Amino acid sequence: MMDPMLNEESSYAPKQTYFSPYAMNGGTCLAIAGEDFVVVGSDTRLSQGFSIFTRDLPKTYKLTTSTVLGACGFHGDVLTLTKVLNARLKMFEHEHHKKMTTSEIAAMLSTMLYHRRFFPYYVYNLIAGLDEEGKGVVYSFDPVGSYGSDGYRARGSAAAMLQPLLDNQIGLKNQQNVQRVSLSKEKVVNLVKDVFISAAERDIYTGDAVVVHVITKDGTTTERFPLRRD
Amino acid sequence: MALADVCGLKTNQLKNSFLSDFGGSSTHLLDDALTSTTNFTVPYGIDPVESLKEFTNPKSDVKIHFDHGTTTLAFKFQHGVIVAVDSRATAGPSIESQTVKKVIEINPYLLGTMAGGAADCAYWERVLARQCRIYELRNKERISVAAASKLLANIVYNYKGMGLSMGTMICGWDKRGPGLYYVDSDGERMSNNIYSVGSGSVYAYGVLDSGYRYDLSVEEAIDLGRRSIYHATHRDAYSGGVVNLYHMKESGWEFISQTDVFDLHYQYKAEKEKK
């Protein structure tokens, strides 16, 4: 606090501070859909401003055996959103005696987000999973519920760095005379690792470790590997 | 539920009284989880217009960006209505997607376009689709384009001033022939022969107005619609991607084509060089 004797300006002038209900907790997540699999990865750093709160908080949340949610932004809203989402999933199962499919979860999340149109969830979401035919699908959302399906998507603080790289390597954009080859699981997982290593080099909010989930009809495998901790 | 509304059934009685005994503030989260609520969560004691201004002010610290921006157009002619849209969604300076579906298929004979806030348009046009279906079930006949557009206009008027951003065109074919209405989140509702909505509309109008005649053939009209969107995407940074084209006929709408503006650019260039 400024000492009024030492401070040059007028001493006890009223100060106005505004309580912001939001904070930016950083982090990046991405998802890539394949023919019969989906790969979802996120870093594990939770930060605010120049402080790191924890190095062990993945931003992916398993919803069902075939669907994973990736959510980054304000961690408080992420926690509430996942809590309400899991409750709605359970309610659906009790009512209809079957698990929600990926596209159903995506449509429900869209309306859940829109019902907070005037006090939004500050969360950038990704829903990744297998559709009814077993093909991989990725849905990405804006904070108020607009969504669409893509083949690949990055979300979070380093998204602007990763998305163009994915457009080039997976979407094969801006490359002339390239054969469109369907990517294997191993190639995609290696690409995800490389992409996060690059993001950690240049984004202060991304780093510490990466958690990678691979979803196939046989279930979900999880891998974890370290990144730069600085 | 529609039937419940008509019969005056109060579903609140079915709610567990334990949950409803808590103060109003704490049930909002439960409402989200327990019921598909039609109420919107609004922060207490805060004017939503003022608090949401923070999100659109470029100088603020909060960097929530909603998907925005577009060019859409529709025009009536002797063979129905042509609807053409681009497919780019932007959030601030970032291009979020080049593959957005900006024509919303409300039902087989009604189309709605999306301009402005993507979530606003998608959500309210889905609500409109539900209302149109309820109308059909209650009245045993299709809803008219005038009535459908009025339903939407009246719904969004309730939220006037709260920051909704939606400029949509409702197109259809009913007993009165082809119908085209412009409805926006300020409460405007107008009917005319030609409309273009969005940040790129100024460019699309130029091309559209110079080539439009009521007695165009179907191929000429499709080409005009496509060309107008292409020119808008060429000059407007917030428009781009692909041109999605629909034709509204007496038997309902038909999806005509999806063409990348990249290909259109070289196609039109080649046409110019041939002359």
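Just so it is clear, the structure is predicted and the values come from calculations on it, not from any experiment.

Colleague: Describe the sheet that holds strand 9 (residues 147-150) of chain A, with residues and values.
Modeller: Sheet strands pair via backbone hydrogen bonds, and the direction of the pair is either parallel or antiparallel. Residues and elements named next belong to chain A. If you trace the five strands from one edge of the open sheet to the other, you get 5-6-7-8-9, paired in antiparallel fashion. Here the strands that pair on one side only, and so sit at the sheet edges, are strand 5 (60-64) and strand 9. For this sheet, the mean inter-axis angle between neighbouring strands, taken without regard to orientation, is 25°. Against the sheet, helix 1 (residues 75-96) engages strand 5, strand 6 (67-73) and strand 7 (123-130), with an angle of about 10° to strand 5.

Colleague: I'd like a description of helix 5 (residues 118-139) of chain B, backed by residues and values.
Modeller: An α-helical segment advances 3.6 residues per turn. Residues three or four places apart therefore align on the same side. Residue and element names in this part refer to chain B. With 22 residues, helix 5 extends 31 Å between its outermost C-alpha atoms, agreeing within 8% with the 32 Å of an ideal straight helix rising 1.5 Å per residue. Restricting attention to buried positions, one finds in helix 5 the residues Ala-118, Ala-119, Asp-120, Cys-121, Tyr-123, Trp-124, Glu-125, Val-127, Leu-128, Cys-132 and Ile-134. Of the residues trailing helix 5, Lys-140 is marked for its positive phi of about 55°.

Colleague: I'd like a description of empty space enclosed by the protein, backed by residues and values.
Modeller: All names here are of chain A. Using the criterion set out here, one finds two cavities of 30 Å³ or more in the structure. Roughly 40 Å³ of volume is contained in the second largest cavity. Taken together, Asn-25, Gly-26, Leu-46, Lys-59, Tyr-61, Ala-71, Cys-72, Gly-73, His-75 and Val-78 make up the lining of the second largest cavity. Broken down by element, the lining of the second largest cavity gets its largest block of residues, three residues, from strand 6. Broken down by class, the residue content of the lining of the second largest cavity amounts to five nonpolar, four polar and one charged.

Colleague: With reference to specific residues and values, describe the pattern of salt bridges.
Modeller: As enumerated under the stated definition, the model contains 23 salt bridges over all chains in all. The salt bridge partner of A:Asp43 is A:Lys59, with a shortest N-O separation of 3.6 Å. Highlighted residues: A:Asp43 in strand 2 (residues 38-43) and A:Lys59 in the loop between strand 4 (51-54) and strand 5, separated in sequence by 16 residues. A relative accessible area of 0% means that A:Asp43 is categorised as buried. With a relative accessible area of 3%, A:Lys59 lands in the buried category. One salt bridge connects B:Glu271 with B:Arg227, and the closest N-O pair in it is separated by 3.0 Å.

What counts and how
Residues numbered from 1 in each chain as written. Chains lettered and ligands numbered in written order. Predicted model: local features only at pLDDT ≥ 70, side-chain atom pairs only at ≥ 80, totals over all residues. Heavy atoms only, no water. Pairing = 2+ DSSP bridges. Helix = DSSP H or I, 4+ residues; strand = E, 2+ residues; numbered from the N terminus. Axes fitted to C-alpha atoms, helices over the stretch in contact; angles between N-to-C directions. Contact = heavy atoms within 4.5 Å. Expected span 1.5 Å × (residues − 1). Buried < 20%, exposed > 50% of the residue type's maximum accessible area, 1.4 Å probe, protein only. 1 Å grid on protein atoms, 1.4 Å probe; cavity = no way out; pocket = protein on both sides within 12 Å on 5 of 7 lines; lining within 4 Å. Points joined across faces, edges and corners; volume = space filled by probe spheres on them. Nonpolar A, V, L, I, M, F, W, Y, C, P; charged D, E, K, R; others polar. Salt bridge = Lys/Arg side-chain N within 4 Å of Asp/Glu carboxyl O.

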